[in-house]
Amino acid sequence: MFYLLLFIAMCLAFRAGRVPMRVAAFAAVCLWGAYESFYGLLQIIGLEPSFNPAFVLTGHFENPGPFGGFIAMTMAVSGGYLLRFWRRRRGFYRAALFGVAALNFTLGLLVLPASMSRAAWFALAAALLSVLLMDRKSQEWVRRHRALCFSVAGLALVAVGGAFMMKRDSALGRLHIWRIEAMAIAQHPLGTGHGTALGTYGKVQEQFFREHLPDVPESVVRVAGCPEFPFNEYLGIGMEAGVLGLVLSLAVMVGAIFMLVRRMDLMVPGLIAWAVFALASYPLSVPQTSVLLLVFLASAVPSRYRAASGWKCVCLRGLAVAGSAVVLFTLMHPSRLEGGLVDRSAYREMYSRGYFLYQSGQHEESNEILAGGAGISSDPMFHVIMGRNSEAIGDAGAAEAEYLTAWYMVPCRIYPLVRLMRLKIRCGDNAAAISIGEKIISMPVRDGHRNMLRLKEETAVSLDSLRNGGY
């Protein structure tokens, strides 16, 4: 209902001709951000339910990360306005805009820390810093107070280090994801095609650990997983569309930001925040942040199409190419938006269907379905079930290969090795089973992972039986 009323109000304002479109868009972004922040506050105090039972605060999002990014983007828009016009608030028109911006920024400050999103904080800081550096008076002030600025920069570096240590494993996990994605782009410079980014990620990570596992630090092995998002929109596009797609996606952002900065548009801090947040998250896979991107890019389009020559003509033509590239890469993104929610059901449905066929004894049909799911997902459980199918039809060699593939994809998980150990026991290869069991026992398991602890205890019992000749 809120969005409907907001849309109707904007349409009436445009029709009356009293509010410029860019100003109305600015007010709409601020009001949207204020509404989401207020809803988040209601979730914190328990008056509204969370959209994810694992978190208290999510807004109208699936988890706090994208919510924090959205809040940071809207705060960047309102914060940029406050910094630029805090001395010019005379008249009802400016006072109303200033009040809307101040409301959104204040509410955002109350909920952004609770989101625990470091990427959101970095995005907001980068956007507001860019606004300050674009102001001539601020530039002159920096020149006169260089020592103070260097001190603040030092404190900022300390804060960055603190943010890294606050969720160290998460930060190491993001760095590892970027490393694997960069390797994927290097191996497939022309891209792997629509919808294959996560499947490609799983294959490259499996190859990486298969070749370098003994040399990889334990901290990296511990944080390696099977992400459902690329956690870097530019690298995600690069995996699917290749180096050309990666370069053009960056050109889109740089070109749009240049056009907004050239006009000192109200939306420039928002687009900068979006661009920074996209380095460590997945805003294209979230409807709300995708809509914000469209608003920011639409603001970069010149309001008048006049004849231009020289570098102006080049900029306008480049912007048209950039807009076309944005549409193309959005359509090529692995996540599909359906009904306002990110649709990740494709490979989940394939897994469910494949598992059902496995339970029904239709093992070859199950493997066909699961192989297709493994091409669009980095989850090693596809290969585990494929191994069980192969084991059921008597192909022990194929089963062993699938179990090893699943383990190398995420080597901190012990279940694929448990399946492999059981396979070796059935085949009568007790020496190999003992070796695998010792490997499982030596692997660290967190106290909170009950299933892994249970599997480890069962492995210890089986290992004792093997050593005592019980099998």
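Everything that follows concerns the structure shown earlier in this document.
Notes on the structure follow. Predicted, not measured: the structure shown is a model, and the values here were computed from it. (Residues numbered from 1 in each chain as written. Predicted model: local features only at pLDDT ≥ 70, side-chain atom pairs only at ≥ 80, totals over all residues. Heavy atoms only, no water.)

## Observations regarding the environment of leucine 417
Next, step 1: Mapped onto the elements, leucine 417 comes out in helix H19 (residues 415-426).
Next, step 2: Separated by 16 residues in sequence, leucine 417 and alanine 433 place their C-alpha atoms 9.7 Å apart.
Next, step 3: In this structure leucine 417 touches Trp407, Ile436, Lys439, Ile440 and Met443, once residues within four positions along its chain are discounted. (Helix = DSSP H or I, 4+ residues; strand = E, 2+ residues; numbered from the N terminus. Contact = heavy atoms within 4.5 Å.)

## Quick word on the packing of aromatic side chains
Next, step 1: Tallied over the entire structure, the rule returns 13 aromatic pairs.
Next, step 2: Judged by centre distance (4.7 Å) and plane angle (45°), the rings of tyrosine 81 and phenylalanine 85 are tilted. Taken together, the residues tyrosine 81 and phenylalanine 85, both in helix H3 (residues 64-85) and four residues apart, mark about one turn of the helix. A single burial state applies to tyrosine 81 and to phenylalanine 85, both of which are buried.
Next, step 3: Arranged with centres 5.1 Å apart and planes meeting at 65°, the rings of phenylalanine 208 and phenylalanine 209 form a pair that is edge-to-face.
Next, step 4: The exposure class of phenylalanine 209 is buried, given its relative accessible area of 0%.
Next, step 5: Ring pairing ties together the aromatic residues Trp32, Phe61, Phe67 and Phe70, which thus form one cluster. (Phe/Tyr/Trp six-rings, centres within 6.5 Å; stacked < 30°, edge-to-face > 60°. Buried < 20%, exposed > 50% of the residue type's maximum accessible area, 1.4 Å probe, protein only.)

## Some remarks on helix H11 (residues 233-263)
Next, step 1: Its 31 residues give H11 an end-to-end C-alpha distance of only 27 Å, which falls more than 12% under 45 Å, the value for a rise of 1.5 Å per residue.
Next, step 2: At the N-terminal boundary of H11, the capping side chain belongs to asparagine 232, with an oxygen 3.1 Å from the backbone nitrogen of tyrosine 234.
Next, step 3: Count one or two residues on from H11 and you reach methionine 264, which has phi positive near 55°. (Expected span 1.5 Å × (residues − 1). Polar contact = N/O pair within 3.5 Å; in protein donor to acceptor, adjacent residues only side chain to side chain.)

## Re the packing of helix H17 (residues 381-392) against helix H18 (residues 396-409)
Next, step 1: As a packed pair, H17 and H18 sit with axes 7 Å apart at the nearest point and diverge in direction by 165°. As the angle between them shows, H17 and H18 are arranged roughly antiparallel. The hand of the H17/H18 crossing is left-handed. Listed contacts from H18 to His383, Val384, Met386, Gly387, Arg388, Ser390 and Glu391 of H17 are Ala398, Ala399, Glu402, Tyr403, Thr405, Ala406 and Met409.
Next, step 2: Its residues placed into classes, the contact of H17 with H18 shows seven nonpolar, four polar and three charged. (Axes fitted to C-alpha atoms, helices over the stretch in contact; angles between N-to-C directions. Parallel < 35°, antiparallel > 145°, perpendicular 65-115°, else oblique. Left-handed = near helix turned anticlockwise from the far one by under 90°. Nonpolar A, V, L, I, M, F, W, Y, C, P; charged D, E, K, R; others polar.)

Functional significance is not addressed by these values, which are geometric in nature.
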